[in-house]
Amino acid sequence: MVVGRASRPGGGSTGPGPIQLSGNYRESGILQSGAEQWFSIQVQSPAIWEFSTGGSDFDTVLALYDPAGEQVARDDDGGGGTSSLLRHSLTPGLWRVQLSGFGESSGSYQLAGEAFSGLGLEALTLGQPHATELSAGQELEFELNVTNEAEYSISTEGSGFDT
């Protein structure tokens, strides 16, 4: 994976080029009022990624942009207090994370990113039942891609344990 500072989709550079990392990613710095900082992740294989601003000393906002430059997720205070937390399934390609402050918030930030490739991401198909086995302590995440705006329902009826 390649992770590093990046530019906004379609924009100019905001810092040094990507850097090669393995394992977890951590970055710290100072964000000025009204500014934004961009980071890129070159995803090689599908994985669930989690991005967090825990430890930052101001109200942070994180946004995630797919390889086409479309915002696919945004979070303000999901990490508890004023920290942001995003957890999203990433497919191969160049993804971008935008870090900003809520309103005119500014200060020192901590950004952590971690890939979880062994959780077992499974695709769901609308109208089709899906069965799988789950061991104690194991997490399983599902992905459902929808093309029409509608109300959808997912249930765990028939599960042999409390889900």
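That block above? That's the structure.
Numbers given to residues run from 1 along each chain, matching the order in which its sequence is written. Where totals are concerned, whole chains, interfaces and linings use all residues; where local detail is concerned, this predicted model gives features only for residues with pLDDT of at least 70, and gives and counts side-chain atom pairs only at 80 or more. To get the side-chain values, all heavy atoms of the structure are used, and hydrogens and water are removed first.

A. Highlighting the packing of aromatic side chains. Aromatic rings from Phe, Tyr and Trp, taking only the six-membered ring of Trp, are treated as a pair when their centres fall within 6.5 Å; an angle between ring planes under 30 degrees marks them as stacked, one over 60 as edge-to-face, and anything in between as tilted. The final tally for this structure, using the stated rule, is 3 aromatic pairs. On the numbers, 5.1 Å between centres and 50° between planes, the contact of Trp38 with Tyr65 is tilted. Here the residue Trp38 occupies a position in strand S4 (residues 36-43), and Tyr65 occupies one in strand S6 (residues 60-65), the gap between them amounting to 27 residues. Of the two residues, Trp38 and Tyr65, neither departs from the other in class, the shared state being buried. With centroids separated by 5.6 Å and ring planes inclined at 10°, the aromatic side chains of Trp49 and Phe51 adopt a geometry described as stacked. Whether a residue is buried, partly exposed or exposed follows from its accessible area with a 1.4 Å probe, protein chains only, as a fraction of its type maximum: under 20%, in between, or over 50%, in that order. For Phe51, a relative accessible area of 3% puts it in the buried group. Only DSSP runs of H or I covering at least 4 residues are called helices, and only runs of E covering at least 2 are called strands; the numbering of each starts at the N terminus.

B. Expanded view of the sheet that holds strand S3 (residues 25-31). Being paired, for any two strands, means DSSP has found at least two bridges between them. Spatially, 4 strands are ordered S3-S10-S5-S8 in an open sheet, and the strand pairing comes out antiparallel. Since the sheet does not close on itself, it has two edges, and those belong to S3 and strand S8 (85-90), each with one partner. When the angles between neighbouring strand axes are averaged without regard to direction, this sheet yields 20°. Across 7 bridges, the pairing between S3 and strand S10 (residues 107-116) is antiparallel. Residue pairing in the sheet places Leu31 in a bridge with Gly107 of S10. Here an angle of 0 to 180 degrees is reported between the N-to-C directions of two axes, which are lines fitted to C-alpha atoms, with helices fitted over the stretch in contact.

C. Region of the structure containing the nonpolar core. Here, nonpolar core refers to any group of buried Ala, Val, Leu, Ile, Met, Phe, Trp, Tyr and Cys residues whose side-chain atoms link them within 4.5 Å. Core analysis: the biggest nonpolar cluster contains 19 residues, and Phe51 and Leu64 have the highest contact counts within it. Those elements that place two or more of their residues in this core are S3, S4, strand S5 (47-52), S6, S8, strand S9 (93-101) and S10. Other than its neighbours up to four places away in sequence, Leu64 contacts Phe51, Glu70, Gln71, Val72, Ala73, Leu86, His88, Leu90, Trp95, Arg96 and Val97. Only heavy atoms enter the contact rule, under which two residues are in contact if any of them lie within 4.5 Å.

D. Examining the environment of Ser40 more closely. Relative to the helices and strands, Ser40 resides in strand S4. The buried category is assigned to Ser40, whose relative accessible area is 4%. When the C-alpha atoms of Ser40 and Leu64 are compared, they prove to be 9.8 Å apart, with 24 residues separating the residues in sequence.

E. The arrangement of the pattern of salt bridges in detail. The term salt bridge refers to a pairing of a side-chain nitrogen on Lys or Arg with a carboxyl oxygen on Asp or Glu at a separation within 4 Å. In total, this model carries 1 salt bridge according to the counting rule given. For Arg87, the salt bridge identified is with Glu50, shortest N-O distance 4.0 Å. Of this pair, Arg87 sits in strand S8 while Glu50 sits in strand S5, placing them 37 residues apart in sequence. A residue is classified by how much of its surface remains accessible, and Arg87, at 35% relative accessible area, is partly exposed. The class for Glu50 is partly exposed, based on a relative accessible area of 24%.

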